[in-house]
Amino acid sequence: MYSPLESEQGFNFKPELPTSSAYYRLLKKLRRQVGHAIRDYQMIEEGDKVMVCVSGGKDSYTLLDILLQFKRIAPINFDVVAVNLDQKQPGFPEDVLPRYMEENNIPYYILEKDTYSITKRLTPEGKTYCAVCSRLRRGSLYGFAQEIGATKVALGHHRDDILATFFLNLFHGGSLKAMPPKLLSTDKRNILIRPLAYVEEKDIIKYAELRKFPIIPCNLCGSQENLQRAMLNDMLREWDKKYPKRLHSIFGALQNVSPSQLADRELFDFEALDSQRIVEEDESCSPEEFKKRLDVVNLSFAAE
């Protein structure tokens, strides 16, 4: 059993594991969903070094916890290392993540870069910080993954994040795209994976509460009001309450795309359809007889 240890902020860094049946049911569900996502998209392979990006939020803690469990029981060998980007935000409790990692014997790095000041400087007055902040954060983390020899970069985005991104692009970006469970980075140097792609946010919230993770709130973008993503998250939560199967259906649609039924000329060759059409010739019908048939049809329409 774990013995509870607390910091000055009152965090439990190594609390006792929950023993309730509700916890084990939830754990089994999360393991199944994460396992299916890893299998379906071949996210982790023999010999991989998986760098888990840990922000101190519920999602990244849950991702790290589940992957460490898989490392112990999986039939393949792979390594897990946690990496946190300390963005030098004022008031950020720098001791929390290092102590959590050390108390739980988790290999980790703390990457220190003052992206906070850069984000504040580059963001126009009245605009949200998300775009600049995420771009700087990605660049720092992806570059560090190369330095430590990580073969996969694991991100804590869950199913609801993927759906919110889809609607954000649909409503405000004029494009049909979301966050894929597995992605090759733009510079083609990193494979990004999202093992929580099948997991619902409400289950992560329950799991984080039961595990008593030392959550660190975001004081940068998380404190800004009227964020489009926040409003979309509210919309998704409302849908989930009223129509429990709707979000499951929408996510299923992202896995069942028919390019020929959309309108993207780059994705589907509409010009080639004429050459692919099969025309059946009626040898018993001469051109003159065929014209007479057309005339009869035209006359019948005229009569109506």
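Residues numbered from 1 in each chain as written. Predicted model: local features only at pLDDT ≥ 70, side-chain atom pairs only at ≥ 80, totals over all residues. Heavy atoms only, no water.

**Student:** Residues and numbers for the sheet that holds strand 2 (residues 79-86), please.
**Tutor:** To summarise the sheet geometry, strands pair through backbone hydrogen bonds and adopt either a parallel or an antiparallel arrangement. Spatial ordering of the open sheet is given by 3-2-1-4-6-5, a layout of six strands whose pairing is mixed. Here the strands that pair on one side only, and so sit at the sheet edges, are strand 3 (108-112) and strand 5 (182-184). Going from strand to strand, the sheet's axes swing by 25° on average, the running direction of each strand aside. In the sheet, strand 5 pairs with strand 6 (residues 191-193) via three bridges, with the strands oriented antiparallel. The residue bridging Leu183 from the neighbouring strand is Leu192, located in strand 6. Contacting strand 1 (49-53), strand 2 and strand 4 (152-154), helix 2 (residues 58-73) crosses the sheet at an angle of about 165° to strand 2. (Pairing = 2+ DSSP bridges. Helix = DSSP H or I, 4+ residues; strand = E, 2+ residues; numbered from the N terminus. Axes fitted to C-alpha atoms, helices over the stretch in contact; angles between N-to-C directions. Contact = heavy atoms within 4.5 Å.)

**Student:** Lay out the pairing of strand 1 in plain terms, naming residues and giving numbers.
**Tutor:** Across the five residues of strand 1, four count as buried, placing the element largely inside the fold. Here strand 1 pairs with strand 2 via five bridges, running parallel. Along strand 2, the bridge assignment pairs Val50 with Val80. Traced from strand 1 through helix 2 to strand 2, the parallel crossover comes out right-handed. Here strand 1 pairs with strand 4 via three bridges, running parallel. Residue pairing across strands places Val52 opposite Ala154, the latter belonging to strand 4. (Buried < 20%, exposed > 50% of the residue type's maximum accessible area, 1.4 Å probe, protein only. Right-handed = clockwise from strand over helix to strand, strands pointing away.)

**Student:** Describe helix 9 (residues 246-254), with residues and values.
**Tutor:** For helix 9, the full list of buried residues reads Leu247, Ile250 and Phe251. Looking straight down helix 9, one finds that the buried residues subtend no more than 100° of arc, so they occupy a single side. Next to the buried residues of helix 9 lie helix 6 (159-173) and helix 8 (228-242). (Arc of directions from axis to C-beta.)

**Student:** Break down the pattern of salt bridges for me, with residues and values.
**Tutor:** Side chains that differ in charge, positive against negative, can pair when their charged atoms come close. For the coordinates displayed, the defined rule picks out 16 salt bridges. Here Lys29 and Asp203 are joined by a salt bridge, their closest N and O atoms 2.8 Å apart. Within this pair, whereas Lys29 is found in helix 1 (residues 21-40), its partner Asp203 is found in helix 7 (residues 201-211), the two being separated by 174 residues in sequence. Classification of Lys29 by relative accessible area gives partly exposed; the value is 25%. With a relative accessible area of 5%, Asp203 lands in the buried category. (Salt bridge = Lys/Arg side-chain N within 4 Å of Asp/Glu carboxyl O.)

**Student:** An account of the pairing of strand 2 is requested, with residue identities and associated values reported.
**Tutor:** Strand 2 sits mainly inside the fold: seven of its eight residues count as buried. The pairing of strand 2 with strand 3 spans five bridges and is parallel. The residue bridging Ala82 from the neighbouring strand is Tyr108, located in strand 3. Chirality of the crossover, the property in question, places the unit of strand 2, helix 3 (residues 96-103) and strand 3 among those that are right-handed.

**Student:** Please provide a residue-by-residue account of unusual backbone geometry, values included.
**Tutor:** With phi around 55°, Asn105 is a residue other than glycine that occupies positive phi space. At Lys212, a residue that is not glycine, the phi angle is positive and equals roughly 55°. For Lys212, the position within the fold is in the loop between helix 7 and helix 8.

**Student:** Would you mind going over helix 3 in detail, with residue names and values included?
**Tutor:** Of the residues making up helix 3, those classed as buried are Val96, Leu97, Pro98, Tyr100 and Met101. Summarising the contacts, the buried residues of helix 3 are in contact with helix 2, strand 2 and strand 3. Asn105, located one to two residues past helix 3, shows a positive phi value of around 55°.

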